[in-house]
Amino acid sequence: MVSSSRLRGYGVRWDPGARCYRVRNEVTGQWLRSGSSGELAGFHSFCAAFSAWRLFEVHRRTGG
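Notes on the structure in this doc start here.

Definitions and limits used
- Residues numbered from 1 in each chain as written.
- Predicted model: local features only at pLDDT ≥ 70, side-chain atom pairs only at ≥ 80, totals over all residues.
- Heavy atoms only, no water.
- Helix = DSSP H or I, 4+ residues; strand = E, 2+ residues; numbered from the N terminus.
- Buried < 20%, exposed > 50% of the residue type's maximum accessible area, 1.4 Å probe, protein only.
- Contact = heavy atoms within 4.5 Å.
- Areas by Shrake-Rupley, 256 points an atom, 1.4 Å probe, with all protein chains shown as cover.
- Pairing = 2+ DSSP bridges.
- Core = buried A, V, L, I, M, F, W, Y, C linked by side-chain atoms within 4.5 Å.

### Comments concerning the overall build of the protein
Next up, step 1: Helix and strand content of the protein: 1 helix and 2 strands.
Next up, step 2: Secondary structure elements of the protein, listed N to C terminal, follow the sequence β-β-α.
Next up, step 3: Classification of the 64 residues of the protein by burial places 33% in the buried group.
Next up, step 4: Partitioning the contacts of the protein with sequence separation of at least 6, the portion at a separation of at least 24 is 35%.
Next up, step 5: Accessible surface, the protein: about 4600 Å² in total, of which carbon and sulfur atoms supply 51%.

So this is what it looks like as structure tokens:
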């Protein structure tokens, strides 16, 4: 398990040990995991990690 105190950021965090970005749902505290393997998902691009985070941690949208 990844120690959230070791990783800095909100939602998208850089994991220096794995040298990749990790995605965390800050509402539930769950980490995004890869498909059937169940391993923590890792992204080498911040943009890809941010896109995954936006889908993983859904926020209510106001307005209409």
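### Observations regarding the pairing of strand E1 (residues 12-15)
Next up, step 1: As paired elements, E1 and strand E2 (residues 20-23) share 4 bridges and run antiparallel to each other. Following the sheet pairing, Val 12 is matched in E2 by Val 23.
Next up, step 2: Here E1 folds back onto E2 in antiparallel fashion, the turn holding 4 residues, of which Arg 19 has a positive phi close to 55 degrees.

### What about the nonpolar core?
Next up, step 1: Membership of the largest hydrophobic core is limited to 8 residues, which are Val 12, Val 23, Leu 32, Ala 41, Phe 43, Ala 49, Ala 52 and Trp 53.
Next up, step 2: When sequence neighbours within four positions are dropped, the list of residues in contact with Ala 41 reads Tyr 21, Arg 22, Leu 32, Arg 33 and Ser 34.

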